[in-house]
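# Per-entry structural report
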Amino acid sequence: LMLGWGATALAQSHPTPSSKPVPRFESLDEEEAHGRLGPTRVHRVVWTYQRVGLPMQVIAETQDWRRVRDPDGEVTWMHKRLLSSRPTVMVRAAAAEGVPLRAAPQTDAKVRAVLHAGVIADLETCTDGWCRLRVRQRYEGWTPASMLWGAR
């Protein structure tokens with residue numbers, strides 16, 4: 001019993017530096033963002049990302065650095081200023097015809113647009129396996145969460 005209490009107290013007394021849960025999704029906030037081998041500017045750059053809004057999964061953090069996983073599964077460190085809490089998703093590789101963006105969260109709802117692999121969209125909400133998206137302020141609709149990287 002004492003061991004369980006101590007473990008709980010320890011977990012509660014050591015929150016993440018950002019006070020946010022890990023893992024979580026954030027998005028790139030810069031035109032060019034460097035992914036490094038470690039959590040300092042001295043560490044070598046192993047990836048340079050050039051897609052504002054690209055969702056990244058934060059899997060660990062220090063005060064100023066975030067260990068992130070990109071949509072391809074690569075893991076690097078990024079300075080926290082390169083990331084935003086703005087919720088975005090990226091359409092995963094899908095069939096050649098793309099992924100339908102529907103008027104309602106139903107497989108038979110009207111198709112408003114077709115999204116191809118790599119499209120980045122703003123994430124509004126997810127419920128019952130469907131996510132409501134907004135693409136370039138032009139299209140809004142629902143698509144299955146399973147077709148998206150970054151769906152919460």
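To keep things clear, this report deals only with the structure shown in the data block. Everything numeric here is computed off the predicted structure, so don't read it as measured data. (Residues numbered from 1 in each chain as written. Predicted model: local features only at pLDDT ≥ 70, side-chain atom pairs only at ≥ 80, totals over all residues. Heavy atoms only, no water.)

## Things to note about the overall build of the protein chain
Heads up, the rule is: Helix and strand assignments come from DSSP, with helices taken as H or I runs of at least 4 residues and strands as E runs of at least 2, each series counted from the N terminus. Summary of the burial criterion: residues with accessible area below 20% of their type's maximum are buried, those above 50% are exposed, and those between are partly exposed, where the area comes from a 1.4 Å probe applied to protein chains only. Note on definitions: a residue-residue contact is assigned when non-hydrogen atoms from the two residues lie within 4.5 Å. Using the Shrake-Rupley algorithm and a 1.4 Å probe, accessible areas are obtained, with residue cover drawn only from the displayed protein chains. Charged residues are defined narrowly, with Lys and Arg counted positive, Asp and Glu counted negative, and His plus the chain ends left uncounted. Where a charge sits is defined by one atom per residue type, namely NZ (Lys), CZ (Arg), CG (Asp) or CD (Glu).
When its secondary structure is counted, the protein chain shows one helix and 14 strands. Judged by the C-alpha coordinates and their principal axes, the protein chain covers about 55 × 45 × 25 Å. Counting the 152 residues in the protein chain, one finds 37% classified as buried. Taking the intrachain contacts of the protein chain between residues at least 6 apart in sequence as the baseline, contacts between residues at least 24 apart amount to 54%. As presented, the protein chain carries roughly 8900 Å² of accessible surface, and 53% of it is formed by carbon and sulfur atoms. Computed over 21 positive and 16 negative side-chain charges, the separation of the two mean positions in the protein chain equals 1 Å.

## A look at the state of the cysteines
What counts, and what does not: Cysteine sulfur atoms are paired as a disulfide whenever they fall within 2.5 Å.
Applying the stated criterion to the full structure yields one disulfide. With a sulfur-sulfur separation of 2.1 Å, Cys126 is cross-linked through a disulfide to Cys131. Looking down the S-S bond of the Cys126 and Cys131 bridge, the torsion is 100 degrees, so its handedness is right-handed. A relative accessible area of 28% means that Cys126 is categorised as partly exposed. Here Cys131 falls in the buried class, since its relative accessible area comes to 0%.

## Side note on a nonpolar patch on the surface
How we decide: To count toward a patch, a residue needs a relative accessible area over 30% and no salt bridge; like charges are then connected within 9 Å, while nonpolar side chains (Val, Leu, Ile, Met, Phe, Trp, Tyr) are connected within 5 Å. The term salt bridge refers to a side-chain nitrogen of Lys or Arg lying within 4 Å of a carboxyl oxygen of Asp or Glu.
On the surface, Leu37, Val46 and Trp47 cluster together to form a nonpolar patch covering roughly 260 Å² of accessible area. Looking at where Trp47 falls in the secondary structure, it is placed in strand β3 (residues 45-49).

## Thoughts on the side chain of Thr143
Defined as follows: As used in this structure description, the phrase polar contact means that two N or O atoms lie within 3.5 Å; if the pair is within protein, one of them must be able to donate a hydrogen and the other to accept it, and residues adjacent in sequence are counted only when both atoms belong to side chains.
Its place among the elements puts Thr143 in strand β13 (residues 139-144). At a separation of 3.1 Å, a polar atom in the side chain of Thr143 contacts the main-chain carbonyl oxygen of Pro100. In this view, Thr143 contacts Val99, Pro100, Gly129, Trp130, Cys131, Leu133 and Leu148; residues no more than four positions away in its chain are not counted.

## What about the side chain of Arg66?
One can find Arg66 in strand β5 (residues 65-69). With residues near it in sequence (within four places) discarded, Arg66 still touches Ser18, Arg24, Val58, Ala60, Glu61, Thr76, Trp77, Met78, Lys80 and Leu83.

## As for unusual backbone geometry
In this structure, Pro23 follows Val22 across a cis peptide bond, with omega equal to 5 degrees. The residue Pro23 is located in the loop between α1 (2-13) and β1 (24-28) in this model. The residue Ser19 is not glycine, and still its phi comes out positive at about 65 degrees. Following the sequence through the fold, Ser19 ends up in the loop between α1 and β1. The exposed category is assigned to Ser19, whose relative accessible area is 60%. Backbone geometry places Gln137, a non-glycine residue, at a positive phi of 55 degrees.

## Section: the environment of Val135
Within the element layout of this structure, Val135 appears in strand β12 (residues 130-135). With relative accessibility at 3%, the residue Val135 sits in the buried group. Between the C-alpha atom of Val135 and that of Val46, which follows or precedes it by 89 residues, the distance is 30 Å.

Scope: geometric values only; no functional claims are made or implied.
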